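Chain residues, written in single-letter form:
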Amino acid sequence: MTAPIVPILPETIALAAEILSEGGLVAIPTETVYGLAADAANPEAIARLYEAKGRPRFNPLIAHVSSWEMAEREAAFSPLARTCAEAFWPGPLTLVLPAREDGRVVDLARAGLGTLALRWPKQRAATALIEVFGRPLVAPSANRSGHISPTRAEHVAEDLGERISLILDGGPCDVGMESSILGFEDDEPVLLRPGGLPTEMIADRLGKRVRAYGGHARINAPGQLKSHYAPKARLRLNAAAPEDDEGFLAFGSFVPGDLSLSTRGDLVEAAANLFEMLRSLDTRFERIAVSPIPGTGLGEAINDRLERAAYRE
Ligand code: TXA
Ligand code: MG
């Protein structure tokens, strides 16, 4: 049986909370991408989640919270981390912080790391559900491991519908790109994954340079596999124009049959369209050419996802 797609209502939020408290899996909208939620305190639920996603077990999960109290019960905030959270939460930013010994998020969710990834999402349906549930929910993007992240309820149904209990439909995601992940090393900010919050905004707010994660040894960022977000089609990046048999993902003007991430060259709009347009071209073409995308603002995250989607072992 495939999971029903239901609108956000007090009754469906209550149903979702009940399924989660029994160890079940529910797909939820967030402003970034749809997440596959499970009870962060229930190891069996998390094992089920890894199985449903077909995710390598060493990849830890983000715990989603809906209040400062809930966040501080799980992890220790340095003053810098606190400043950052206060500036951008609720929103598309995940902070990797030292996990508290007495936190409720279980070891399996952290893949045994001493740190915990925490996020307070902005989407009302997500925070309403966490509030009703009363404790953190882990939620990786609601796609099978290696597939493109879902930005609509229907994408979740296609990829995971047979493996989960319920899909809450919050419409298309506003940001359309996973959260930015920020860690700290000697209290200096390190970007572990570019995402829905432009890195320049973090640097501006903190008055500090945000170092890119360069694979150096001290911070562990296990999720950064080179191949990720893999469409079936082969991608050719920084293409001026498509070849005969290629689909074209443009940035700026385009011709009928192709798609444009943003005809007016807006990176926010492009981020919101990226995964959906990749999906759509992937069903029609074996090769996809992609226009050059500027690397500023959300362009950093867009280029990161495109490079991963283009990567072949
Ligand atoms: O926008 C998002 O972040 C979405 C929505 C649903 O919230 N979630 C999401 O989760 O993208 P996921 O599981 O697809 O990606 C989480 C990333 C992984 O690459 C993982 O390795 C990293 O976060 N991560 C989790 N815990 C970590 C930790 N303690 N240290 C370093 N990286 C961590
Ligand atoms: Mg993911």
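Data block above holds the structure.
Nothing here was measured: the structure is a model prediction, and the numbers come from that model.

Peer 1: Can you walk me through the packing of aromatic side chains in this structure?
Peer 2: The geometry of an aromatic ring pair comes down to the distance between the two centres and the angle between the two planes. Tallied over the full model, the rule gives three aromatic pairs. Ring centres 5.4 Å apart and planes at 80 degrees place the aromatic pair W68 and W120 in the edge-to-face group. Of the two residues, W68 sits in helix α3 (residues 68-74) while W120 sits in the loop between β6 (115-119) and α6 (124-133), which places them 52 residues apart along the sequence. When its relative accessible area of 25% is taken as the criterion, W68 is described as partly exposed. Seen from their ring centres, F77 and W89 are 5.9 Å apart, and the 85 degrees between their planes marks the pair as edge-to-face. Taken as a pair, F77 in the loop between α3 and α4 (79-88) and W89 in the loop between α4 and β5 (93-98) lie far apart in primary sequence, 12 residues in all. Owing to a relative accessible area of 6%, W89 belongs among the buried residues under this scheme. Through a chain of ring-to-ring contacts, the aromatic side chains of W68, F77, W89 and W120 assemble into a single cluster. A cation over an aromatic ring shows up here: R82 above the ring of W68, its NZ or CZ 4.3 Å from the ring centre.

Peer 1: Please clarify how the sheet that holds strand β11 (residues 211-212) should be interpreted in this entry.
Peer 2: To summarise the sheet geometry, strands pair through backbone hydrogen bonds and adopt either a parallel or an antiparallel arrangement. Strands sit in the order β1-β8-β2-β3-β7-β4-β6-β5-β9-β10-β11 across an open sheet of 11 strands; the sheet is mixed. Looking along the sheet, the strands with just one partner apiece sit at the ends: β1 (5-7) and β11. Both strand β3 (residues 35-39) and strand β7 (residues 137-138) contribute to a ladder of two bridges, which runs antiparallel. When the sheet's bridge partners are listed, A38 is paired in β7 with V138.

Peer 1: Looking at this structure, I do not really get the packing of helix α1 (residues 10-21) against α6. What am I missing?
Peer 2: Between two packed helices, what matters for the description is the angle formed by their axes and the separation of those axes. At their nearest, the axes of α1 and α6 sit 9 Å apart, and the two run at 55 degrees to each other. When the axis of α1 is compared with that of α6, the two are oblique. For the pair α1 and α6, the sense of crossing is right-handed. Packed against α1, whose contacting residues are I13, A16, A17, L20 and S21, the element α6 presents A125, A128, L129, V132 and F133 at the interface. Per-class residue counts for the contact of α1 with α6 are nine nonpolar, one polar and no charged.

Peer 1: What exactly am I supposed to notice about the site of ligand 1 here?
Peer 2: Surrounding ligand 1, one finds 26 residues, the nearest of these being T32, R55, N59, H64 and S179. Here a nitrogen atom of ligand 1 sits 3.0 Å away from a polar atom, N or O, in the side chain of T115. Here an oxygen atom of ligand 1 sits 2.5 Å away from a polar atom, N or O, in the side chain of S179. Burial of ligand 1 by the surrounding chains reaches 97%, relative to a free accessible area of 680 Å². Contributing elements (two or more residues each) for the shell around ligand 1: β4 (62-64), β6 and β10 (188-193). At three residues, β6 tops the list of elements feeding residues into the shell around ligand 1.

Peer 1: Quick question: what am I supposed to make of the environment of D169 here?
Peer 2: Secondary-structure assignment places D169 in strand β8 (residues 166-169). Overall, D169 belongs to the partly exposed group, its relative accessible area being 26%. Placed 16 residues apart in sequence, D169 and A153 show a C-alpha to C-alpha distance of 5.4 Å. Look past the residues within four positions of D169 in its chain and what remains in contact with it is I5, V6, P7, I8, Y34, A153 and E154. Here Y34 takes part through its side chain, which lies 3.5 Å from a polar atom of the side chain of D169.

Conventions we followed
Counting restarts for each chain: residues are numbered from 1 in the order of the written sequence. Numbering of ligands from 1 and lettering of chains from A proceed in the order in which they are written. pLDDT decides what is reported in this predicted model: residues at 70 or higher carry local features, side-chain atom pairs at 80 or more are listed and counted, and totals for whole chains, interfaces and linings draw on all residues regardless. The side-chain values count all of the structure's non-hydrogen atoms but skip hydrogen atoms and water molecules. Stacked, edge-to-face and tilted labels apply to pairs of Phe, Tyr and Trp rings (six-membered ring for Trp) whose centres lie within 6.5 Å, assigned for plane angles under 30 degrees, over 60, and everything in between, in that order. Only DSSP runs of H or I covering at least 4 residues are called helices, and only runs of E covering at least 2 are called strands; the numbering of each starts at the N terminus. Each residue gets one of three labels from its accessible area relative to the maximum for its type: buried under 20%, exposed over 50%, partly exposed in between, using a 1.4 Å probe on protein chains only. Only Lys NZ and Arg CZ are tested; either one counts as a charge over a ring when it is within 6 Å of the ring centre and within 35 degrees of the ring normal. For two strands to be treated as a pair, DSSP must find no fewer than two bridges joining them. Each axis is a line fitted through C-alpha atoms, taken for helices only over the stretch in contact, and angles between the N-to-C directions span 0 to 180 degrees. The scheme is simple: roughly parallel for angles under 35 degrees, roughly antiparallel for over 145, roughly perpendicular for 65 to 115, oblique for anything else. In this scheme the crossing of two helices becomes right-handed for a clockwise turn of the near helix relative to the far one and left-handed for an anticlockwise turn of less than a right angle. Residues count as neighbours in contact if any of their non-hydrogen atoms are within 4.5 Å of one another. Amino acid classes used here: Ala, Val, Leu, Ile, Met, Phe, Trp, Tyr, Cys and Pro are nonpolar; Asp, Glu, Lys and Arg are charged; the rest, including Gly, are polar. Note on terminology: near, applied to a residue and a molecule or strand, indicates that one of the residue's heavy atoms is within 4 Å of it. Side-chain atoms alone can form a polar contact between residues adjacent in sequence; in general such a contact is a pair of N or O atoms within 3.5 Å, and within protein one must be able to donate a hydrogen while the other accepts it. Note on areas: these come from Shrake-Rupley sampling with a 1.4 Å probe, and a residue is covered only by the protein chains present in the view.

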